[in-house]
Amino acid sequence: MGKVAVAFASAAVVAACSVAAVMVRRRVKSRRKWRTVVEILKEFEEGCDAPVGRLRQVVDAMAVEMHAGLASEGGSKLKMLLTYVHDLPNGTEKGTYYALHLGGTYFRILRVHLGGERSYLDVQDVERHPIPSHLMNSTSEVLFNFLASSLERFIQKEGNESNSQGVIRELAFTFSFPVKHTCISSGVLIKWTKGFEISEMVGKDIAECLQGALNRRGLDIHVAALVNDTVGALSLGYYHDPDTVVTVVFGTGSNACYLERTDAIIKCQGLLTTSGSMVVNMEWGNFWSSHLPRTAYDIDLDAESSNPNDMGFEKMIAGLYLGDIVRRVILRMSQESDIFGPSSSVFSQPYVLRTNSVSAMHEDDTPELQEVARILRDLGLSDVPLKVRKLMVKICDVVTRRAGRLAAAGIAGILKKIGRDGGGGITSGRSRGEMQMQRRTVVGVEGGLYMNYTMFREYMEEALVEILGEEVSQYVVVKAMEDGSSIGSALLVASSLQS
Ligand code: ADP
Ligand code: MG
C-alpha cells in the first residue's frame, strides 16, 4: 500500500471513529435526558399520591371544616352558605318556568313545563352557548345586557305559544358563583371564581342586576329565584328521587351542596323552616387541608391564577385546571430535556392545553396513540415519538386519578358530616365501630368534566367505594344528571312560588 493510500485509510478510520463517538455521545445524552424526564414524572407521581389512608384524612378534614363553617361566620374556609331553600320540589308543581344559567364556560337558557306530577316534566328549548370570553372581565352593564338580550331572543323565538300575553314569565337565575343570600330571590356576589374578574360586581345584588337589565328592555320576566347551580341540581335530583340529599358539580369549577338540619346551622340560631332543614351551599372549591397532596405545579398554578390563595381544592379537581396542571408538568420536562423538540415553547402558554384534550389523550385506545398525535399536531408539535406520547397519557392519568380520588374524599366527607358514611357523623357521639342503620343516600352529580370524562368518573367512583367500604357503598347511589342545575332551578322557582 502506498503512503497516500495508508493516509486515506487511516483518515477514514479516524472519521468513522469520531462519527461513532458523536453517535454514542448523543445516545448517552438522550438517555440522560430521558432519565431526567422519568425522574420528573416519578417525583410528580409521588407528589400526587392519594392512598386510601390519606383520603380518609381528607374526609375527616372536610367533615370538620363543614362543622366549623356552620358554627360561625368565617369559621372555616368553607363558607357553608345559607340558601333559604328548605322545601325542594316534590312533583306537584304546575306551569311554565324559565331558567338562565351562567356557568363557568357556558350559559344556558331553557323552559320547562310541569304538569303537576313527577312524570310530567317537559324540558323545552334548551339553548347552550359558550360565554364570550370578553364578558369575563367586562363590566356589570355589559354582562347583564348580554344576558338580557339572549333571553329576549329566546322568548321572541317562542312567539305566543308558551305564554299568553300579559302573563309574567317566572325565571330562575342559576348562578355558579358564591353568593350571600338574604332570601331565595336575592343575594350579593361574594367573589368571582373560575377566571371571572368584574370587580365592581362584588357586593352587588345579582338578581337585582339581572332584573334591572330585563326591565330596561321591557321584558315581562320576573327573576323569582337566584339559585346556585349545585342547588338547582339538588332540586332536580330530589324531584325525581327524594333520597337525593347531596349534589356535586364537576364542570369548569367544582362545588357541592346538601340538605342540612337547621339546628346544625349554629351560626344562624333560631332559623325556622317548615321542613326543619335547609340546603347549604358549601362552596367546597375553597376547601383546604394539609392532607391534600399538593405539588410544586399546583403552587405555581395558584400563584399565577386570577385568584391566588383561593379555591385550592377546586384547582386540583375542576375542569378549568386539570389541563393546566398537565401542561405545567410537560413544560418542565421540555425545559429540562428536548423530548418535544424545538416547538415545545407552545407549552409556555397558560391554559393552552384544555381538559377536553386531556381526556381525549387519556382515553386514546389506538395502539399508536393517534389521538394524542393529533392533539399534539394541533398544538404545532409534529412527529412526537410514541414513547413521548405514552408519557403524555401517563401524566394525564396521574392528574386525573388524583382529581377523581380527591373528589371522592370530598363526597365521603359530606356523607360523614350527615351520618351517611356508616359511622354516625362527627357530632353524634357515636363511636366509629357502632354502625347506624344505613339509609339509601343518593348523591347527584353533574357538570361537563364528570359527564364527559369517563376515567375521572371511574377513579372517583372507585375511590368512593374504597373509602366507604363495600357494605356502606351499597347504600350510596351516585347519579349523573345532565343539565340538572338549570332544569332543577326552574323547578325550584315553581315550588317556591307554590309553597
Ligand atoms: P359550566 O362549567 O359552564 O357549567 P359544564 O358543566 O358543561 O359547563 O363544564 C364545562 C367544563 O367541563 C369544560 O370547561 C371542561 O373543563 C370540562 N369538560 C367538558 N367536556 C369535557 C371532556 N370531554 N373531557 C374533559 N373535560 C370536559
Ligand atoms: Mg355548571
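Keep in mind the model is a prediction, meaning the values are calculated, not measured.

A. How the structure looks around the pattern of salt bridges. For the structure on display, the rule yields 30 salt bridges. Between Lys394 and Glu45 there is a salt bridge whose closest N-O contact spans 3.1 Å. You can see Lys394 sitting in helix H11 (residues 386-417) and its partner Glu45 sitting in helix H1 (residues 3-47), a full 349 residues away along the chain. Assessed through its relative accessible area of 30%, Lys394 is described here as partly exposed.

B. How the structure looks around the site of ligand 1. In the vicinity of ligand 1 there are 18 residues, among which Thr105, Tyr106, Thr252, Ser359 and Gly448 approach most closely. Measuring from an oxygen atom of ligand 1, one finds a backbone N or O atom of Thr105 at 2.7 Å. Protein coverage of the free-state accessible area of ligand 1, which is 570 Å², stands at 88%. A breakdown of the residues in the shell around ligand 1 according to their chemical character gives four nonpolar, 12 polar and two charged.

C. Structural view of the side chain of Asn307. Mapped onto the elements of the fold, Asn307 is located in the loop between helix H6 (296-303) and helix H7 (314-317). Since its relative accessible area comes to 8%, Asn307 is described here as buried. Look past the residues within four positions of Asn307 in its chain and what remains in contact with it is Thr193, Asp302, Lys315 and Tyr321.

D. View of the packing of aromatic side chains. Per the stated rule, a full pass over the model turns up 16 aromatic pairs. Considering the side-chain rings of Phe44 and Tyr297, the 5.3 Å spacing of their centres and the 90 degrees angle between planes classify their relative orientation as edge-to-face. In this pair, Phe44 is assigned in helix H1 and Tyr297 in helix H6, connecting sequence segments 253 residues apart. Both residues of the pair, Phe44 and Tyr297, count as buried. Note on Phe250 and Trp284: the rings are 6.3 Å apart at their centroids and 50 degrees apart in plane angle, and the pair reads as tilted. With Phe250 in strand S9 (residues 244-250) and Trp284 in the loop between strand S11 (277-281) and H6, this residue pair connects regions lying 34 residues apart in the sequence.

E. Focus on unusual backbone geometry. In this model, Met80 sits at a positive phi of 45 degrees, which is unusual for a non-glycine residue. Examined against the element boundaries, Met80 turns out to sit in the loop between helix H2 (52-71) and strand S1 (81-82). Of note, the phi angle at Asn309 is positive, near 60 degrees, even though the residue is not glycine. Take Asn309: its relative accessible area is 66%, and that puts it in the exposed class.

F. Just the pairing of strand S7 (residues 186-189), in detail. With four bridges joining them, strand S6 (residues 179-183) and S7 adopt antiparallel strand pairing. Following the sheet pairing, His181 is matched in S7 by Gly187. Count of turn residues in the S6/S7 antiparallel hairpin: two residues.

G. Region of interest: the side chain of Gln438. Mapped onto the fold, Gln438 is located in the loop between H11 and strand S12 (441-446). What makes Gln438 buried here is its relative accessible area of 13%. Separated by 2.9 Å, the side chain of Gln438 and the backbone oxygen of Arg420 make a polar contact. Among the polar contacts listed, one links the side chain of Gln438 to the backbone nitrogen of Gly422, at a separation of 3.2 Å.

H. View of the nonpolar core. Counting 89 residues, the largest nonpolar core has Phe250, Met282 and Trp284 as the members making the most contacts within it. Top element by residues in this core is H11. It accounts for 17 residues. Each residue touching Met282, except ones within four places of it in the same chain, is listed here: Met62, Met66, Leu78, Lys79, Met80, Asn255, Ala256, Cys257, Tyr258 and Ile414. Grouped together as the second largest cluster of nonpolar side chains are 35 residues, Leu135, Leu151, Val179 and Cys209 included.

Cut-offs and rules
All residue numbers refer to positions counted from 1 along the written sequence of the respective chain. Numbering of ligands from 1 and lettering of chains from A proceed in the order in which they are written. Per-residue local features of the predicted model are confined to residues with pLDDT of at least 70, and side-chain atom pairs are confined, for both listing and counting, to 80 or more; whole-chain, interface and lining totals are unaffected and use all residues. The side-chain figures draw on all heavy atoms in the structure; neither hydrogens nor water molecules are used. Any Lys or Arg side-chain nitrogen found within 4 Å of a carboxyl oxygen on Asp or Glu counts as a salt bridge. Secondary structure counts use DSSP, requiring at least four H or I residues in a row for a helix and at least two E residues in a row for a strand, with both numbered from the N terminus. In this scheme, a residue with accessible area under 20% of its type's maximum is buried, one over 50% is exposed, and one in between is partly exposed, where area comes from a 1.4 Å probe on protein chains only. Any residue with a heavy atom lying within 4 Å of a molecule or strand is counted as near it. Side-chain atoms alone can form a polar contact between residues adjacent in sequence; in general such a contact is a pair of N or O atoms within 3.5 Å, and within protein one must be able to donate a hydrogen while the other accepts it. Here the Shrake-Rupley method, with its probe set to 1.4 Å, supplies the accessible areas, and only the displayed protein chains count as covering residues. Following the grouping adopted for this structure description, the nonpolar residues are Ala, Val, Leu, Ile, Met, Phe, Trp, Tyr, Cys and Pro, the charged ones are Asp, Glu, Lys and Arg, and the polar ones are all others, Gly among them. By definition in these notes, contact holds between two residues if any of their heavy atoms fall within 4.5 Å. Each Phe, Tyr or Trp ring (for Trp, its six-membered ring) is paired with any other whose centre lies within 6.5 Å, and the angle between the two planes then decides the class: stacked below 30 degrees, edge-to-face above 60, tilted in between. Pairing between two strands requires that DSSP report at least two bridges joining them. Here, nonpolar core means buried Ala, Val, Leu, Ile, Met, Phe, Trp, Tyr and Cys residues that are tied together by side-chain atoms lying within 4.5 Å of each other.

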